[in-house]
Amino acid sequence: MPTSVLPRNRVLVVVGSRDTGAVTAIVGRVNELAEIERALAAAAEGRGRLVFVSGSAGIGKTRLADAAIATARRLGLGVAAGYAIDDAGAPPLWPWLRLMRSWDVADALPTIDAGEPDATARFRLFVTVVDLLRERAGDRGLLIVLEDMHWADRASVLLLRHLVTEIGDERLVILVTCRDGVRGPLHDLVPDLVRGDAVRPMALDGLSTDEVAAWLPSLTGGRDDELAAALHERTGGNPLLIRLVAEDVAARSAQGTGGRLGELMSERPQLRRLVAGRLDALQPDVRAVVDAASVLGERLAADVLAAMVAQPEDVIRLRIDSALGAGVFRDAGAVGGIQFQHALVRDAVYAELPAQRRAELHRRAAEALEATSVQGERAGSIARHWQQAEGHDAQARCRRWAEVADQQARTVLAFDEAATFAELAVACARQTSASPDEVARLLVRLADGLFLANRLFESIETCLAAADLADAAGRPDLVAAAALVVRGVGEPAANRTIRLLCERALAGLPADGHRLRSRLQSQIAVAVAESEGGSAPAQLAAEALVEAERSGDPNAILEAIAARHLTITVPQTVEERLELGRRAVELGAVAQQPLPAMWGHLWRADAAFQLGNLAVVDHEIAEIDRVARERGSALARWHHHRYRAEREALVGNFDAARAANEAGLALSQRVGAVSMIGMYVAFQLQMAIVRNSADHLAPWWAEAISHAPPMPLVRISVPLIHAIEGRIDVARAEFEEFRHLPTTFPFGIRWYPTVCHIGWTAVLLDDTEVSGAVYELIAPLAAYYTGDGSGGVFNFGANAGLAGEFARVAGRLDEAVPHFRAAIAMNSRIGARPFTALSRLGLARTLLARGRGPDLNEAMKLATAAGAEFRRLDMPGRLVTATRTIEALEAARRTSSPLSAREAEVAGLVAEALSNRDIATRLVLSQRTVETHVRNILAKLGFSTRTEIATWTIRNGGGN
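In this report, we go over the structure that sits alongside the text.

The rules behind the values
Residues numbered from 1 in each chain as written. Predicted model: local features only at pLDDT ≥ 70, side-chain atom pairs only at ≥ 80, totals over all residues. Heavy atoms only, no water. Helix = DSSP H or I, 4+ residues; strand = E, 2+ residues; numbered from the N terminus. Rg over C-alpha atoms; globule rule 2.2 N^0.38 Å. Buried < 20%, exposed > 50% of the residue type's maximum accessible area, 1.4 Å probe, protein only. Contact = heavy atoms within 4.5 Å. Areas by Shrake-Rupley, 256 points an atom, 1.4 Å probe, with all protein chains shown as cover. Lys, Arg positive; Asp, Glu negative; His and termini not counted. Charge placed at Lys NZ, Arg CZ, Asp CG, Glu CD. Core = buried A, V, L, I, M, F, W, Y, C linked by side-chain atoms within 4.5 Å. Axes fitted to C-alpha atoms, helices over the stretch in contact; angles between N-to-C directions. Parallel < 35°, antiparallel > 145°, perpendicular 65-115°, else oblique. Nonpolar A, V, L, I, M, F, W, Y, C, P; charged D, E, K, R; others polar. Pairing = 2+ DSSP bridges. Right-handed = clockwise from strand over helix to strand, strands pointing away. Salt bridge = Lys/Arg side-chain N within 4 Å of Asp/Glu carboxyl O. Expected span 1.5 Å × (residues − 1). Phe/Tyr/Trp six-rings, centres within 6.5 Å; stacked < 30°, edge-to-face > 60°. Lys NZ or Arg CZ within 6 Å of the ring centre and 35° of its normal.

## Description of the overall build of the chain
Piece 1. Each helix and strand in the chain was counted, giving 49 helices and 10 strands.
Piece 2. Computed over C-alpha atoms, the radius of gyration of the chain comes to 38 Å, more than 25% over the 30 Å expected from 2.2 N^0.38 for 960 residues, which places it beyond the range of a compact globule.
Piece 3. Per-residue burial over the chain gives 55% buried out of 960 residues.
Piece 4. Across the chain, the fraction of contacts at a sequence separation of at least 24, relative to all contacts at a separation of at least 6, is 67%.
Piece 5. A total accessible area of about 39,400 Å² is found for the chain, and carbon and sulfur atoms account for 51% of it.
Piece 6. Of the charged side chains in the chain, 107 are positive and 118 negative, and the gap between their average positions amounts to 4 Å.

## As for the environment of Gly 908
Piece 1. Summarising the element assignment, Gly 908 is placed in helix α46 (residues 901–911).
Piece 2. Looking at Gly 908, the relative accessible area reads 9%, which means it is buried.

## Observations concerning the nonpolar core
Piece 1. Membership of the largest hydrophobic core comes to 107 residues, with the highest contact counts inside it found for Ile 778, Phe 794 and Phe 870.
Piece 2. Among the elements that make up this core, the one with the highest residue count is helix α33 (residues 674–691) (nine residues).
Piece 3. Look past the residues within four positions of Phe 794 in its chain and what remains in contact with it is Glu 646, Ala 649, Phe 683, Gln 686, Met 687, Val 690 and Phe 835.
Piece 4. Counting 85 residues, the second-largest nonpolar core is a separate cluster that includes Val 286, Met 308, Ile 382 and Ala 440.

## Concerning the packing of α46 against helix α49 (residues 946–955)
Piece 1. One way to put it is that α46 packs onto α49 with a least axis distance of 8 Å and a crossing angle of 105°. Here α49 runs roughly perpendicular to α46, going by the angle between their axes. Along the contact surface, α46 presents Ala 907, Gly 908, Val 910 and Ala 911, while α49 presents Arg 946, Ile 949, Ala 950, Thr 953 and Ile 954.
Piece 2. Taken together, the residues that form the contact of α46 with α49 break down as six nonpolar, two polar and one charged.

## What to know about the sheet that holds strand β8 (residues 199–203)
Piece 1. If you trace the five strands from one edge of the open sheet to the other, you get β5-β6-β7-β4-β8, paired in parallel fashion. Each of the sheet's edge strands pairs with one partner strand only, and the pair in question is β5 (78–83) and β8. Pairs of neighbouring strands in the sheet enclose a mean axial angle of 15°, with direction left out of account.
Piece 2. Of the strand pairs in this sheet, strand β4 (residues 49–55) and strand β7 (residues 172–179) are connected by seven bridges, and their pairing is parallel. By the bridge assignment for β7, Ser 54 is matched with Cys 178.
Piece 3. Across the sheet, helix α1 (residues 30–44) touches β4, β6 (142–147), β7 and β8, and the angle it forms with β7 is around 145°.
Piece 4. Contacts between helix α5 (residues 154–166) and the sheet are confined to β4, β6, β7 and β8, with β7 contributing the most and set at about 145° to the helix.

## A look at the pairing of β7
Piece 1. Among the eight residues that make up β7, eight are buried, leaving the element largely enclosed by the rest of the structure.
Piece 2. Of the two faces of β7, the one carrying Leu 172, Ile 174, Val 176 and Cys 178 and the one carrying Val 173, Leu 175, Thr 177 and Arg 179 are both buried.
Piece 3. Pairing between β6 and β7: five bridges, direction parallel. Across the sheet, residue Val 145 finds its bridge partner in β7, namely Leu 175.
Piece 4. Each parallel crossover has a hand, and the one from β6 via α5 to β7 is right-handed.

## Describing the pattern of salt bridges
Piece 1. For the structure shown, the criterion picks out 63 salt bridges.
Piece 2. A salt bridge links Glu 37 to Arg 74; the shortest N-O distance between them is 2.8 Å. Placement of Glu 37 in helix α1 and of Arg 74 in helix α2 (residues 61–74) is noted, with a sequence separation of 37 residues between them.
Piece 3. When salt bridges with common partners are traced through the structure, they connect Arg 363, Glu 367, Glu 370, Asp 393, Arg 397 and Arg 400 into a single cluster.

## Structural notes on helix α39 (residues 751–764)
Side chains three or four residues apart in an α-helix point the same way, a direct result of the helix having 3.6 residues per turn.
Piece 1. Compared with the 20 Å implied by 1.5 Å per residue over 14 residues, the 20 Å span of α39 between its first and last C-alpha is a close match.
Piece 2. Residue Asp 766 follows α39 closely and has a positive phi angle near 55°.

## Focus: the packing of aromatic side chains
Piece 1. In the structure shown here, the tally under the stated rule is eight aromatic pairs.
Piece 2. When the centroid spacing of 4.9 Å and the interplanar angle of 65° are considered together, the rings of Phe 747 and Trp 751 count as edge-to-face.
Piece 3. The exposure class of Phe 747 is partly exposed, given its relative accessible area of 36%.
Piece 4. The class for Trp 751 is buried, based on a relative accessible area of 4%.
Piece 5. Three or more aromatic residues joined by ring pairs make a cluster, and in this case those are Phe 683, Trp 760, Phe 794, Phe 796, Phe 806 and Phe 835.
Piece 6. For the cation-ring pair, Arg 346 lies above Tyr 350, with the distance from its terminal atom to the ring centre recorded as 5.4 Å.
Piece 7. Here Arg 358 stacks its cationic end above the ring of Tyr 350, 4.6 Å away from the centre of that ring.

## Digging into unusual backbone geometry
Piece 1. At Ser 433, a position not held by glycine, the phi torsion is positive, near 55°.
Piece 2. A residue is classified by how much of its surface remains accessible, and Ser 433, at 64% relative accessible area, is exposed.
Piece 3. The backbone of Asp 766 shows a phi angle near 55°, a positive value even though the residue is not glycine.
Piece 4. Since its relative accessible area comes to 55%, Asp 766 is described here as exposed.

## Here's the deal with the environment of Arg 631
Piece 1. Tracing the backbone through its elements, the reader meets Arg 631 in helix α30 (residues 614–631).
Piece 2. When its relative accessible area of 31% is taken as the criterion, Arg 631 is described as partly exposed.
Piece 3. Sequence separation between Arg 631 and Arg 124 is 507 residues, and the spatial gap between their C-alpha atoms is 8.9 Å.

## Looking at α2
Piece 1. Look at α2: 20 Å from first C-alpha to last across 14 residues, which is about the 20 Å you get at 1.5 Å a residue.
Piece 2. In terms of burial, α2 is a largely internal element, 10 of the 14 residues being buried.
Piece 3. Regarding α2, the residues found buried are Lys 61, Leu 64, Ala 65, Asp 66, Ala 67, Ala 68, Ile 69, Ala 70, Thr 71 and Ala 72.

## Focus: the side chain of Thr 881
Piece 1. Within the fold, Thr 881 resides in helix α45 (residues 876–896).
Piece 2. Beyond its immediate stretch of four places on either side in the chain, Thr 881 contacts Asn 692, Leu 841 and Arg 845.

Written out as structure tokens, the structure reads:
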């Protein structure tokens, strides 16, 4: 029989079923099958697709997956299939692990670097899996089938989302099946999955009356249009219900006990009753296997069933065959194995079990899985079975396996699942009256899982509960462990709690516990810096570093170095930050921790930017690139993009800077890290400031800012952008709340960029008072280039240029002039072309405002040079300002001198000591005309000698 028949009536399709080759009928899915075949053909040519099949239970999703597999094999593509299961204890990434079960992938999966953020570590894992799939697809292509993904864990769904972003140019087709209306990770991420040209959504509906009528002969042995219409009406066209009811009708007719459909449906209105009727026909020993299977789940394993019912495996296989014949089980071949005819069938069998029988079978399932699992690979399932089992030891064994499942989940970065199993372990410990210190230990573990799963305040509450129990048990080490769980958060309330918890832990530790004491002191320093600022955190971090060095533990020293660096992120500490970066690089190599070493390179790059040493900047960027390549680290690669963008923008390579920023955005979107996406917008904002134009700003900038932490550094972006856009009245109203901050914002973390951004806004709004306040703060830093070590996303060149701009707007013109002159020299030295031009324009505007005659010619030259550079670099807003400045200078020169333009020109040549004859030759005039101009100049200026003309001209900025 052919493997594919597409009849004209679009009713019945016959395919080969998965691995078995058995013939299976599919009704009413011709359009869907044609779409799948097109997707498979496209994949064979290197154009990947996601086919997303959704629908209600029993609607035919699995049948369609069977057909897709058969079609893929007919077209020569490879097939890999996995599935999620309705088992809260299933291992994380279970669908993918099943899909790759016969592949040798253990050594290919990456290890996780200590301290690597979970999003970037997960990204490395996902990239590795995608590479494995790409390799498996080869030249012929690969169909990936993932069934029942409505039950999948979050990590599995995130991996699917990642793969979809990569699929466009691959020889891959992903076919996903899911049930409608089931809440879970897939439900939350469906909008991300079904957008894009490579996605083919398929929402399966019930069969039509004609389709049911065409199917009935294969179910009942004859066509019956009246029965088809009644079945359609009462089942909504659901194929599973149609088949069960129709087969029941046929069986009753064969037995001579048939009745009208209405009577049958009223007698057995639910699927459970239909399934129960089939179970009643089974032999007791077969029924025992089916009952045991319902406890295990929809998909079965003969060896586990054999252990559960204490029978040889070959006997179990015979009983499975009987259940297959009765239509309770189905054989999905090597890909899917033996499984219940449908999840609803399994649910119906399970629901019929008495409570005591269920508990007994769960115990047997737990024991069987313990005996058959390799290295506890099904730890989560074992824990869940013990949770529902009876017996005095059930909860203790549940707790042990829950801890194993927790660790397994962390290994693959499935932190949501890890927290769930950690919570189960705590519950079991409490039910078995475990000691307070043991419960405290488990609570610390749970708190860590909650923190990793981004459930911050639940984690903090759990830390407090753990500390209380640890105190009662006399375990200061556990109090310390609880205090060290939550780290690196910017939420003030959380940091205040962390500080109190750390101080409480310190009070109970011995004086010689240097390692733990240093870690707690580092945590306190960071918490105080994040929540309060000021100079105190730097001293706390210094004490932590001394304590860490006493311990000799390189990891503790690295933590203390990081705390010290964070707490001194102000411009004045650049030399120390450079040294801290060197130590972090060195210790990271000793401790074999590449991420701390990477942070050291980042710190050194920041310091080198601030010192204007671009050779060191380039070296450190190259080192960050090396870490990204050698470790496959998405975090390092993202930082490499970010620093390349900063470096290119500094010297005016704006197109290259934007390209690097876009590459960082693409990577951050694939990783799913919101904070990284925020940095993309932050870079665009800085570019808008430099160019004084918001034309390249992402249209969703306001949404990005609304999702960022509500700190002043973030919120000042709103009036700043509105000012750049020319919405001055709106910006002034929004700026009002920030006007006092320069004099009140605590000196410390984020002080420098916050003050600078307030200053930029004040400049755009011509706010004299705030500009003056910011000038007083920035002027002492004029010897440095911009930066403070906080990992800024942009560099504005010499601080002297900022100081000059703030002084100019504040009306302190004589102070602004030397700052601008210094900035021109500093920026020119490092090739910072945009900022050299900005400093020239700033000086020109200052000289114009000062209004001294000798200044005007110099100002004209500066403004003209700046305007030409703005035009070359595409800085449209700045070009407008330069053009207006030139126009104002021309007007000022006309009104500030009694001489005409030609007379001024002649006076300039007189100042060069040229004779009248030489001037006539230079200007192509007659000597008599030059003599007339000289007499007029002497008369207008009240002079009597040419020397006086020369002196006046030089004093007023004329000549060379």
